[in-house]
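# What the coordinates show
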Amino acid sequence: MANLLRKLQDKTLLSDAELIISQYLLENYREFSNMTTRELAKKTFTSSAAIVRFCQKLGFEGYTDFKVNFLIEVMRHGNRVKNRLINSGDSISEIINKVRTINVDAIEKTCNALNPATVERAVNLLKKFDYIDFYATDTLRDFSNRVADSFSLAHKYSTIHYSMPLQYLQAYNTPKNHFGFFVSFQGEERHLIEIAKSLKKQGISTLLITAAPNSSLGNLVNETFVVSMGDNLEDLGPLSFLTGANFISETLLAVLMTQTDYQKSKEKEQWLNKNFNPDL
């Protein structure tokens, strides 16, 4: 029924009068539960017949059917619902605000689900190993590469293979001083599951960043971090996932850096600046 919320903001589907009804509902949904068609018509300067036609146009038998489904969807998405969905009729300013809202929501929801104890356990694991092997699908390997670069500041050396066969080979006989770092949208990719099984059999410690808390992959790793992800393209699901995943990785790095030899990190930074940023 997420389509309902998109339809309510679709300027190509609804007439100007219907958009007035839609806007009123999205902005005043708390009052809507007890409204009759006559009351809603009065608030939107329409008629009871227009309200019923509006509900039927959206695919419902009548007003009551629409009301139940609308309120369920609003409860599911919270009070930011009217600002989230991106439509073809949106202005650039509206899109900018909606993208901001989506990313802010992603961080807030990810933060709210983040357990400090899980962060502490994951950091304690990461501290034990000098090498981090990243495992991800094609769409998430660039993200893994950025995380690997940042973790080098904490004296962690990383391996990322873009080829699936090489990922298998990497996991087949992993040295004991390596750590497995998985990134997956749903945690059900067959090759990542097989790799996780192999690492678990070898006793290699692992963690996962995912949008699915109870996935097959999540059941195989030591620690799982769940991030927020929209359900569809209009919600910018993949991009909101990356926002949440980046928040998790930066949190892990920040905690790890507080427990890392500062002088050694400073020397590394000075060496990098001297050799690759001569103007600094």
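The preceding data block contains the structure.
To keep things clear, this report deals only with the structure shown in the data block. (Residues numbered from 1 in each chain as written. Predicted model: local features only at pLDDT ≥ 70, side-chain atom pairs only at ≥ 80, totals over all residues. Heavy atoms only, no water.)

## A look at the pattern of salt bridges
Applying the stated criterion across every chain, the model contains three salt bridges. Between Glu18 and Lys57 there is a salt bridge, and its shortest N-O distance comes to 2.8 Å. Taken together, the residues span a long stretch of sequence, with Glu18 in helix 2 (residues 16-27) and Lys57 in helix 5 (residues 48-57) at a distance of 39 residues. One salt bridge connects Lys197 with Glu194, and the closest N-O pair in it is separated by 3.8 Å. Residue Lys197 and its partner Glu194 are both found in helix 11 (residues 190-202); the two are separated by three residues, about one turn of the helix. The class for Lys197 is partly exposed, based on a relative accessible area of 43%. Taking relative accessible area as the criterion, Glu194 reaches 35% and is therefore assigned partly exposed. (Salt bridge = Lys/Arg side-chain N within 4 Å of Asp/Glu carboxyl O. Helix = DSSP H or I, 4+ residues; strand = E, 2+ residues; numbered from the N terminus. Buried < 20%, exposed > 50% of the residue type's maximum accessible area, 1.4 Å probe, protein only.)

## A closer look at the nonpolar core
Phe151, Phe181, Leu207, Ile209, Phe225, Phe241 and Leu252 are the most contacted members of the largest nonpolar core, which has 31 residues in total. Among the secondary structure elements, those contributing two or more residues to this core are helix 8 (116-127), strand 1 (131-136), helix 9 (138-151), strand 3 (178-184), strand 4 (206-210) and helix 12 (237-258). With six residues, helix 12 is the largest single contributor of residues to this core. Not counting residues within four places of it along the chain, the set of residues in contact with Leu207 comprises Ala122, Leu126, Phe179, Gly180, Phe181, Phe182, Val221, Glu223, Phe225 and Leu252. (Core = buried A, V, L, I, M, F, W, Y, C linked by side-chain atoms within 4.5 Å. Contact = heavy atoms within 4.5 Å.)

## Looking at the packing of helix 10 (residues 164-172) against helix 11
Where helix 10 contacts helix 11, the axes come no closer than 9 Å and their chain directions differ by 10°. In terms of orientation, helix 10 and helix 11 fall into the roughly parallel class. Considering the relative orientation of helix 10 and helix 11, their crossing is left-handed. Contact residues: Met164, Gln167, Tyr168, Ala171 and Tyr172 in helix 10; Arg190, His191, Leu192, Glu194, Ile195, Ser198, Leu199 and Gln202 in helix 11. Taken together, the residues that form the contact of helix 10 with helix 11 break down as seven nonpolar, four polar and two charged. (Axes fitted to C-alpha atoms, helices over the stretch in contact; angles between N-to-C directions. Parallel < 35°, antiparallel > 145°, perpendicular 65-115°, else oblique. Left-handed = near helix turned anticlockwise from the far one by under 90°. Nonpolar A, V, L, I, M, F, W, Y, C, P; charged D, E, K, R; others polar.)

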